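Reading the structure
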Amino acid sequence: MFDLIIEGGRLPDGRILDIGIKGDRISALAPRIEAQAFEVIDARGDLVSPPFVDPHFHMDATLSYGQPRVNASGTLLEGIDLWGELRDLATVEEMVERALTYCDWAASLGLLAIRSHVDTTPDHLRGVEAMIAVREAVKGYIDLQLVAFPQDGLYRAPNGRENMIRALDMGLDVVGGIPHFERTMAEGAASVRDLCEIAADRGLPVDMHCDETDDPMSRHIETLAAETLRLGLQGRVAGSHLTSMHSMDNYYVSKLLPLMAEAEISAIPNPLINIVLQGRHDTYPKRRGLTRVKEMQAMGIRVGWGQDCTLDPWYSLGTADMLDVAFMGLHVAQMTHPEEMACCFTMVTETNAEIMGLSDYGLREGALASLVVLDAADPVDALRQRAARRLVVSKGRIIARSARRDAQLTLAGRPTTVVRRAPQNPK
Ligand code: FE2
């Protein structure tokens, strides 16, 4: 007897299987499960995926767009200035409420694990207090990892280092950083060393905003890789953004990528935000502001797509939908071959789960029973449509249901129902 059976869905790898769930675990996968269940979901013809995962977000700032005013220049630096005002105005309760609303959106779209950076700059640390409360409130359905993030610089901000240590002591999960925002290249490199030592001492992972600039000489990723090797942190370190790599000299990159691979650094580009923030100082040609995704993957470096922002001082749009993130990413990185598009779907599911170290993740026996039923034939079709999430299951519980997106036509001589699935032509 199962609690729930998801019947006949197509997994991302193409297998068509029934999935049997008992309690919070997947207890069976088979072409046909002949057993009773309290509820059976017919997923025949639909895609059944493990949940979406976002390894880079800012939940303390989310859903605040327009407060205290809109970002008129659209630049990263004006966004940082606006956030610097807002974080001292917002109460803990306001930040919690906005974050919980965002988590409702995420849950409804099957986004069930999020790594959020939390600004540790101000002495009051209200954002840290708020996000710890949110992590506790949503833990039954969303796994929220919190990164101690010294937004205004570890050394550049007054009490930057002290407040970050206080935030880690309060129970944050990951060590963050922003070396390109320190006063000098040398101080940026020193901050990377310092932060990696803090992480090594505490046994924590590292995820730094790294080289989020169009300056090809911003090379803190090199120091991050070297410090990872020096301290034996391989597999526990991620570099977020890495946009300067877009503008770097090719010869230098040919040395950098093997170093990153040796250090087992993960890369987290954030295509929605960097396509609008980067290149703002350019005339024409305007740079795309995305790091070298395909080149890193070819070198064996783990690369996952992150979302970064939704309706906040940096980004005026956003939906909590990781299919939007992957859709933008595949365009900007020109990953339009069917295998590359399928890879982009994997990046916002399995690869991101690996980056976050989610050991119970996946559609396999014994894993946590968290999954999404999509109104799509396969991962590429899901991306193309940003398909409806018919059903979201988190830790064994159905937490969201949505309608398909079929439309009714009233055109003479045409079908009455239009289903916008891609024709299954041979590729
Ligand atoms: Fe970020």
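As a reminder, the structure under discussion sits directly above these lines.
Described below are features of the structure shown in this document. Quick caveat: nothing in here was measured; it's all calculated off a predicted structure.

Things to note about the overall build of the protein chain
Along the protein chain, the regular secondary structure elements total 12 helices and 17 strands. Compactness check: the protein chain gives a C-alpha radius of gyration of 22 Å against a globular reference of 22 Å for 427 residues, within 12% of the reference. Its C-alpha atoms give the protein chain principal-axis dimensions of about 65 × 45 × 45 Å. The burial tally for the protein chain puts 56% of its 427 residues in the buried class. Expressed as a percentage of contacts within the protein chain between residues at least 6 apart in sequence, the contacts between residues at least 24 apart total 76%. Summing over all exposed atoms, the protein chain offers an accessible surface of approximately 17300 Å²; the carbon and sulfur share of this is 52%.

Focus: helix H1 (residues 76-89)
Taking 1.5 Å per residue, 14 residues should reach 20 Å; H1 reaches 20 Å between its end C-alpha atoms and fits that length. On its buried side, H1 packs onto strand E7 (111-119), helix H3 (126-138) and helix H8 (271-277).

Digging into the coordination of the iron ion
All of the protein donors around the iron ion are His56 (NE2), His58 (NE2), His209 (NE2) and Asp308 (OD); their distances to the metal are 2.1 to 2.4 Å. For the iron ion, the four donor atoms are set out with angles of 84 to 177° between them, so the coordination reads as irregular. Donor residues for the iron ion sit on one chain with the sequence pattern H-x1-H-x150-H-x98-D. Linking His56 in strand E6 (residues 52-57) with His209 in strand E10 (residues 206-210), this pair joins segments that are 153 residues apart in sequence. Summarising the burial analysis for this pair, His56 and His209 share the class buried.

Some thoughts on the environment of Arg420
Inspection of the secondary structure assignment puts Arg420 in the segment after strand E17 (417-418). Put simply, Arg420 and Ala407 are 13 residues apart on the chain and 8.8 Å apart in space, counted from C-alpha to C-alpha. The residues contacting Arg420, other than those within four sequence positions of it, are Arg384, Gln385, Arg405 and Ala407. Among the polar contacts listed, one links the side chain of Arg420 to the backbone oxygen of Arg405, at a separation of 2.7 Å.

Description of the packing of aromatic side chains
The relative placement of two aromatic rings is captured by the distance of their centres and the angle of their planes. Under the criterion given, the structure shown has four aromatic pairs. When the centroid spacing of 5.7 Å and the interplanar angle of 75° are considered together, the rings of Phe52 and Phe345 count as edge-to-face. Taken together, the positions of Phe52 in strand E6 and Phe345 in helix H11 (residues 338-356) put the pair 293 residues apart, joining distant regions of the chain. In terms of burial, Phe52 and Phe345 fall into one category: buried.

Considerations on the pairing of strand E2 (residues 16-22)
Counting buried positions along E2 gives five out of seven residues, so the element sits mostly inside the fold. Relative to E2, strand E1 (residues 2-10) runs antiparallel, the two being bridged by five bridges. Pairing of Ile5 across the sheet is with Gly20, part of E2. Where E1 hands over to E2, the hairpin turn is made up of five residues, of which Gly14 adopts a positive phi near 100°. Two elements, E2 and strand E3 (residues 25-30), share five bridges in a ladder whose sense is antiparallel.

The rules behind each value
Residues numbered from 1 in each chain as written. Predicted model: local features only at pLDDT ≥ 70, side-chain atom pairs only at ≥ 80, totals over all residues. Heavy atoms only, no water. Helix = DSSP H or I, 4+ residues; strand = E, 2+ residues; numbered from the N terminus. Rg over C-alpha atoms; globule rule 2.2 N^0.38 Å. Buried < 20%, exposed > 50% of the residue type's maximum accessible area, 1.4 Å probe, protein only. Contact = heavy atoms within 4.5 Å. Areas by Shrake-Rupley, 256 points an atom, 1.4 Å probe, with all protein chains shown as cover. Expected span 1.5 Å × (residues − 1). Donors = N, O, S within 2.8 Å, 3.2 Å for Na, K, Ca; no water. Tetrahedral: all angles 85-135°; square planar, octahedral: opposite > 155°, others 65-115°. Polar contact = N/O pair within 3.5 Å; in protein donor to acceptor, adjacent residues only side chain to side chain. Phe/Tyr/Trp six-rings, centres within 6.5 Å; stacked < 30°, edge-to-face > 60°. Pairing = 2+ DSSP bridges.

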